[in-house]
Amino acid sequence: GARGDGLALKYSALAGDGSAGPRAREGSMLFSAAEASLGDEDGAAALQKAEEAARVFREVRDARGVADAMRVVVCAHALLGDREKARRVADEEREAFKAQGEARGEAAMLLSGAEVAAGAPEGVSAAEGEEAERAALAARDTFRSLGDQKMEAMCLTALATAHLRGKSKRAQGEAVSRALAAGGEARALLQQLGDKRGEARALHALAVTSSQMGADSVVDALRYVREALALWKDLGDQRSEALELHAVAQLQLQDQRPQDAADASQTALTSLQGVKSGKGQHHQAAVLSTATAAFVALKEFEQAIRLCERKVAHFQADDDPMSEAIATEALVTVHLAAGDRTEALRAADRALVIVRSVPGKSRRSRRFEAAMLQTIADARLAGDEAEAAQEALEAALKIYKEIGDQDGLTKAHTNMSYVEMALGEYRDAIRAAGDARDAARGEGDRLQEGAALLALCCAHMSKGSKGDMRRCVGVAKDAQDIFEEEQHKRAEACAAYLLANAYINTKEFEKAIVVAKKSQSMFKEAECRDDESNLALLVAHAHFFQGLAEGAPDVGAKPPDVWQRALKAAEDALAMSRRRGNNEQIGKCLLGVAQVHVMTKNGKDAQQTLDEALELARKIESASAEAYAHTLNAQLYWALKQEDLAPEPARRALELFLQIGDQAGAELAEEMTRLTAGDDVPAAPTTAAASAATTAVAEYDGPTEEE
């Protein structure tokens, strides 16, 4: 119903009916004008005319006219971005029709309420999704009993969308089947009625539903949108044709066809430029986001930047700050993908200035501002600017609280937990993650609860006490259970990664190895190759610490089985990283192999591996990797009783650690320096190897919001 029920022709005919009274004809004329404005996406004009039409129809006691006009009123409020007002009007009018015994009017308002909930761009809770389903079903039953096939089909189209809203991954399979059935039934009815406009909408709903069924379903979804595209073309509806072409581009992007997506979205953009409507610019901004994503996937960053800058200038010239802000946000995305954090932050600051200039401070503009602040916080944190990230997140939290956006609050609290960790405020990090978890539970958002649990696990691990490590195990298991239930493989693998680390810290090494291998397998299944390599290294890491717990062999002694398993795991990880060709990962794995050789006092292989690690570290300009390699070299000389050779690499390691501000590394190098200088320090240090093992695995910082 976002573009109306297609009743303008009917009411135009009634306006010219001489047998009707003058006020009734006036009401019909007002309704026709209101629905036409709604079709042009002029929400303000549609609202004014529809409210006037409703007043006239009430005056002449035309209950059906009132119901039809109030559906336009609800749609207009939603079009203007005030969904709360749209819901409230639908609920109030439904109660009024119910009190009057007007079944058709009550059904019309039930349908309006369902459409508002099902069309909410920010998503709905499970409870809201179920309520939308119940309302659409009840409305369908009433219209069916009244023999109104057109409105029955409208209910079925809304139902096709409502079935999917607020559903968990586990429940989505059954929901998709019901949605496809409802969409198919709607299409059949509308074909029978010869309603091409309604049929195109039903086809679009079928496409959206099909796209939820995984990679194989994209072909079906594309077939539906292309059929809808043909209908819009037949109807001469250029705007709807362009928007359907945008849907084609989104599906092509989902199908990993970025070039096709780029072509389709650019064609849609060109077409929308010739359309004048209340939301024409906003549509262009949405299509621009898809085009940008396609160019980023193609790594055509310069082309993406030129397109974004061109559209920013276009929206600025048309005095449309909201669309200008969205286009600038797309520019931020491109700069971040290209690795240019400085330009990304500059564009993000510009987007904030622009969106703050939007008149009226709508909920939509405030949500955009808060989301942009979160993007800024992420970029600041990535640049080790934790205090600046904290400031941005605090501003975002304030906005989310003001507008009552629970979903935004939950995500911001989760992100704040990582910022507090970076600041070393581990208790505050635990508190923020706990707040996020509790909020997500309150909203029934299982995936967001899982994301908060991952942050909570990281916070406990960062705090580091024995009690925190035990709690970390429990929290990681809870997160793993949620993601398994929700069938989110990558997130489940992330939870398993953290669980394996927790087991290492609680010295349950066998469990750590089993869980790390499981996580590695899941990352492989999800085709996350870099993560798979990291987990291969974590398996080696677990074996290494198991060896440390059992003790290192003497010089010349055959390494026990535990150390042979550790070496095999480290060499497997190195082989995988070489196949991937990632030099940074190869460097970590070389340190992983070297540390086993150092602990088993295999001087020749240890030195050969460390020489390669040092050469690679210098090549890729990784001072940290070079410093740890020097530290291991110093330990190797000490272990082989070549104490006179140990001071130089220990001194060089200390210089590098101080240079890059690695306090923990500097303390380690100082210990090695004192040891090699003959000071009274316990012999047989294992801290260098253990620290190298720890740095060998990339620090986990949680899944992104999209993941």
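Predicted, not measured: the structure shown is a model, and the values here were computed from it.

**Looking at the overall build of the chain**
On a plain count of helices and strands, the chain comes out with 33 helices and 0 strands. The dimensions of the chain, computed from C-alpha atoms along their principal axes, are 110 × 50 × 40 Å. Taking all contacts inside the chain whose residues are at least 6 apart in sequence as the whole, residues at least 24 apart take part in 62%. For the chain, the exposed area adds up to about 31,100 Å²; of that, 48% sits on carbon and sulfur atoms.

**Examining the packing of aromatic side chains**
Tallying each qualifying case throughout the model produces 5 aromatic pairs. Consider the rings of Tyr 11 and Phe 57, whose centres lie 5.8 Å apart with planes at 55 degrees: the pair is tilted. Linking Tyr 11 in helix α1 (residues 8–15) with Phe 57 in helix α3 (residues 43–59), this pair joins segments that are 46 residues apart in sequence. In this pair, the class of Tyr 11 matches that of Phe 57, namely buried. When the centroid spacing of 4.9 Å and the interplanar angle of 75 degrees are considered together, the rings of Tyr 628 and Phe 657 count as edge-to-face. In this pair, Tyr 628 sits in helix α30 (residues 623–639) while Phe 657 sits in helix α31 (residues 647–660), placing the two residues 29 residues apart along the sequence. Relative accessible area serves as the criterion here: at 0%, Phe 657 is assigned to the buried category. Among the aromatic residues, those joined into a ring-pair cluster are Tyr 11, Phe 31 and Phe 57.

**Section: the pattern of salt bridges**
Side-chain pairs of opposite charge can arise where the charged atoms are in close proximity. Inspection of every chain in the model, using the stated rule, returns 51 salt bridges. The closest approach of N and O atoms between Glu 133 and Arg 178, which form a salt bridge, is 3.4 Å. Of the two residues, Glu 133 sits in helix α7 (residues 126–146) while Arg 178 sits in helix α9 (residues 169–193), which places them 45 residues apart along the sequence. With a relative accessible area of 30%, Arg 178 lands in the partly exposed category. With its nearest N and O atoms 3.6 Å apart, the salt bridge here joins Asp 468 to Arg 471. Remark: Arg 471 and Asp 468 occur in helix α23 (residues 466–485); sequence separation between them is 3 residues, near one turn of the helix.

**Let's talk about the environment of Gln 608**
Tracing the sequence through the fold places Gln 608 in helix α29 (residues 603–619). The spacing of Gln 608 and Ala 594 is 14 residues in sequence and 8.6 Å in space, taken between C-alpha atoms.

**Quick notes on unusual backbone geometry**
A positive phi angle is found at Lys 299, which is not glycine, with a value near 60 degrees. For Lys 299, the location among the structural elements is in the loop between α14 (280–297) and α15 (301–317). Positive phi, close to 60 degrees, is recorded for Lys 601, a residue that is not glycine. Turning to its location among the elements, Lys 601 is positioned in the loop between α28 (583–599) and α29. Relative accessible area serves as the criterion here: at 21%, Lys 601 is assigned to the partly exposed category.

**Focus on the nonpolar core**
Leu 454, Phe 483, Ile 504, Leu 538, Trp 563 and Phe 657 are the most contacted members of the largest nonpolar core, which has 85 residues in total. In terms of residues, this core owes the most to one element, helix α24 (residues 489–505), which gives 12 residues. Counting 75 residues, the second-largest nonpolar core is a separate cluster that includes Tyr 224, Val 248, Ile 354 and Ala 377.

**Topic: the packing of helix α6 (residues 103–118) against helix α8 (residues 149–162)**
At a minimum axis distance of 9 Å, the contact between α6 and α8 shows a crossing angle of 30 degrees. Judged by the inter-axis angle, α6 sits roughly parallel to α8. The element α6 and its partner α8 pack so that their crossing is left-handed. Between α6 and α8, the residues in contact are Arg 104, Leu 111, Glu 115 and Ala 118 and Met 151, Met 154, Cys 155, Ala 158, Thr 161 and Ala 162, respectively. Tallied by class, residues from the contact of α6 with α8 come to 7 nonpolar, 1 polar and 2 charged.

**Observations concerning helix α27 (residues 561–580)**
The end-to-end C-alpha separation of α27 is 29 Å, in line with the 28 Å expected for 20 residues at 1.5 Å each. Of the positions making up α27, those classed as buried are Val 562, Trp 563, Ala 566, Ala 569, Ala 570, Ala 573, Leu 574, Met 576 and Ser 577. The buried residues of α27 occupy an angular sector of 160 degrees when the element is viewed end-on, so they sit on one face. Turned more than 90 degrees away from the buried face of α27, the exposed residues are Asp 561 and Arg 579. Contact partners of the buried residues in α27: α25 (509–525), α26 (529–550) and α28. Trailing α27 by a residue or two, Gly 581 shows a phi angle of about 75 degrees, which is positive.

**Examining the side chain of Glu 35**
Mapped onto the fold, Glu 35 is located in helix α2 (residues 22–39). One buried charged residue, Glu 35, remains without a salt bridge, the closest side chain of opposite sign being Arg 201 at 7.6 Å. Setting aside residues up to four positions removed in sequence, Glu 35 forms contacts with Gly 4, Asp 5, Gly 6, Leu 7 and Ala 8.

**Some thoughts on the side chain of His 488**
In this fold, His 488 is placed in the loop between α23 and α24. For His 488, a relative accessible area of 16% corresponds to the buried category. Here Ala 491 takes part through its backbone nitrogen, which lies 3.2 Å from a polar atom of the side chain of His 488.

**Notes on helix α16 (residues 321–337)**
Along an α-helix, a turn takes 3.6 residues, which lines up residues three or four apart on a common side. Across its 17 residues, α16 extends 24 Å between first and last C-alpha, which sits within 8% of the 24 Å expected from 1.5 Å per residue. Extensive coverage of α16 is indicated by the burial of 13 of its 17 residues. Just downstream of α16 lies Gly 339, where phi reads positive at about 80 degrees.

**Some remarks on the environment of Arg 257**
If you trace the backbone, Arg 257 turns up in the loop between α12 (238–254) and α13 (258–273). Classification of Arg 257 by relative accessible area gives partly exposed; the value is 27%. Spatially, the C-alpha atoms of Arg 257 and Ala 294 are 8.3 Å apart, while their sequence positions differ by 37 residues. Beyond its immediate sequence surroundings of up to four residues, Arg 257 is in contact with Leu 222, Arg 226 and Gln 252.

**Looking at the confidence of the model for the chain**
In the predicted model, the chain carries a mean pLDDT of 87, and the fraction of residues at 70 or more is 91%. Across residues 679–707, where pLDDT falls below 50, the model places 62 contacts with residues more than four positions away in sequence or in other chains.

**Comments concerning the packing of α24 against α25**
Across the interface, α24 lies against α25 with an axial gap of 8 Å and an inter-helix angle of 160 degrees. Between α24 and α25, the interaxial angle falls into the category roughly antiparallel. Seen from above, α24 lies across α25 with left-handed handedness. Each of Lys 489, Arg 490, Glu 492, Ala 493, Cys 494, Ala 496, Tyr 497, Leu 499, Ala 500, Tyr 503 and Ile 504 in α24 lies in contact with α25, whose residues at this interface are Phe 509, Lys 511, Ala 512, Val 515, Ala 516, Lys 518, Ser 519, Met 522, Phe 523 and Glu 525.

Cut-offs and rules
- Residues numbered from 1 in each chain as written.
- Predicted model: local features only at pLDDT ≥ 70, side-chain atom pairs only at ≥ 80, totals over all residues.
- Heavy atoms only, no water.
- Helix = DSSP H or I, 4+ residues; strand = E, 2+ residues; numbered from the N terminus.
- Contact = heavy atoms within 4.5 Å.
- Areas by Shrake-Rupley, 256 points an atom, 1.4 Å probe, with all protein chains shown as cover.
- Phe/Tyr/Trp six-rings, centres within 6.5 Å; stacked < 30°, edge-to-face > 60°.
- Buried < 20%, exposed > 50% of the residue type's maximum accessible area, 1.4 Å probe, protein only.
- Salt bridge = Lys/Arg side-chain N within 4 Å of Asp/Glu carboxyl O.
- Core = buried A, V, L, I, M, F, W, Y, C linked by side-chain atoms within 4.5 Å.
- Axes fitted to C-alpha atoms, helices over the stretch in contact; angles between N-to-C directions.
- Parallel < 35°, antiparallel > 145°, perpendicular 65-115°, else oblique.
- Left-handed = near helix turned anticlockwise from the far one by under 90°.
- Nonpolar A, V, L, I, M, F, W, Y, C, P; charged D, E, K, R; others polar.
- Expected span 1.5 Å × (residues − 1).
- Arc of directions from axis to C-beta.
- Lys, Arg positive; Asp, Glu negative; His and termini not counted.
- Polar contact = N/O pair within 3.5 Å; in protein donor to acceptor, adjacent residues only side chain to side chain.
- pLDDT = per-residue confidence, 0-100.

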